[in-house]
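This is what each chain is made of:
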Amino acid sequence: MPSTESLPSTVFMTGQSTAEERFEAWRQSISVVFDVAPLAPESIAGFQASVQATHLGHLLVGDLHFAGQQFMRPQPRVLRDGLDHYLVQWYRTGGFVGQRDGGTDMEVRPGDVVILDLGRTLRTFARASHVMTLIVPRDLIHEAMGVQDSDLHGTVLRADSALGGLLSDHLQSLQQRLPGIALNDAPAVAHASVQMLAACLLPSAR
């Protein structure tokens with residue numbers, strides 16, 4: 001009989017009494033990937049954030065809500081943590097402006113999908129947002145794309161583009177179906193998601 005064991009998942013929510021305590025709890029929670037800072041000292045007055053993270057085979061799927069803030073991966077941090085993954089973000093609402101690699105400007109708007117290389121530097125100024133994320137090992141994407149390496153850092157698939165629309169449709173379907181995916185099915189679902197991601201990214205990589 002097939003296993004019906006559910007996927008492992010965790011939930012984080014800011015429930016602390018003061019804004020400073022809520023932001024500090026969030027800072028510690030997100031510190032595995034980003035350094036964060038308020039957009040301005042007074043901007044944390046009503047700060048709230050939440051994350052639901054689900055392990056899907058080799059992928060980590062996240063559903064995040066957060067108030068406006070800065071997200072940073074400076075060079076010392078990149079060298080220290082050695083993350084060899086891509087971060088795929090679908091901004092269901094909100095968005096950001098920022099720079100990658102110390103100077104190349106980026107803008108992400110509602111509905112866009114952006115791919116960030118966690119082995120490269122980044123600084124963004126994000127609005128209050130609802131974001132779905134995938135953290136994907138680098139070698140899985142490159143294998144699916146049939147390439148040895150690729151410069152995907154900062155690639156944006158716009159909401160009104162054909163490939164951006166297809167990928168966001170897939171991500172929405174994946175998010176809706178996560179609660180019903182059994183642990184035994186996770187590798188196959190993860191493989192299908194990586195293949196879809198690779199197919200949508202390949203034209204940009206070329």
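A short tour of the structure in this document, coming up.

Reading the values: the criteria
- Residues numbered from 1 in each chain as written.
- Predicted model: local features only at pLDDT ≥ 70, side-chain atom pairs only at ≥ 80, totals over all residues.
- Heavy atoms only, no water.
- Salt bridge = Lys/Arg side-chain N within 4 Å of Asp/Glu carboxyl O.
- Helix = DSSP H or I, 4+ residues; strand = E, 2+ residues; numbered from the N terminus.
- Buried < 20%, exposed > 50% of the residue type's maximum accessible area, 1.4 Å probe, protein only.
- Core = buried A, V, L, I, M, F, W, Y, C linked by side-chain atoms within 4.5 Å.
- Contact = heavy atoms within 4.5 Å.
- Phe/Tyr/Trp six-rings, centres within 6.5 Å; stacked < 30°, edge-to-face > 60°.

This next bit is on the pattern of salt bridges. When their charged atoms lie close together, side chains carrying opposite charge are able to pair. One pass over the full model with this rule turns up 11 salt bridges. A salt bridge links Asp 117 to Arg 138; the shortest N-O distance between them is 2.7 Å. One end of the pair, Asp 117, is in strand β9 (residues 113-117); the other, Arg 138, is in helix α3 (residues 138-145), with 21 residues separating them in the sequence. For the pair Asp 117 and Arg 138, a shared accessibility class is recorded, and that class is buried. Look at the salt bridges and you will find they share partners, linking Asp 35, Arg 73, Arg 77 and Asp 81 into a network.

One finds Trp 26, Phe 34 and Phe 66 to be the most contacted residues of the largest nonpolar core, which totals 30 residues. Of all the secondary structure elements, the ones that give two or more residues to this core are α1 (19-30), β3 (49-56), β4 (59-66), β6 (85-93), β8 (104-108), β9, β10 (122-126) and β11 (129-137). At 5 residues, α1 tops the list of elements feeding residues into this core. The contact partners of Phe 34, leaving out residues within four places of it in the chain, are Phe 71, Met 72, Arg 73, Arg 77, Leu 87 and Leu 122. Of all hydrophobic cores here, the second largest spans 29 residues; its members include Leu 56, Val 88, Ile 115 and Leu 197.

Let us now look at the packing of aromatic side chains. Overall, the coordinates contain 7 aromatic pairs when judged by the stated rule. On the basis of an interplanar angle of 75° and a centroid distance of 5.0 Å, the ring pair of Phe 23 and Phe 47 is categorised as edge-to-face. On the criterion of sequence distance, the pair formed by Phe 23 in helix α1 and Phe 47 in the loop between β2 (35-37) and β3 is long-range, its members being 24 residues apart. Exposure remark for Phe 23: the relative accessible area of 8% places this residue in the buried category. With a centroid separation of 5.3 Å and 70° between ring planes, the pair formed by Phe 34 and Phe 71 is classed as edge-to-face. Of this pair, Phe 34 sits in the loop between α1 and β2 while Phe 71 is found in strand β5 (residues 69-73), placing the two residues 37 residues apart along the sequence.

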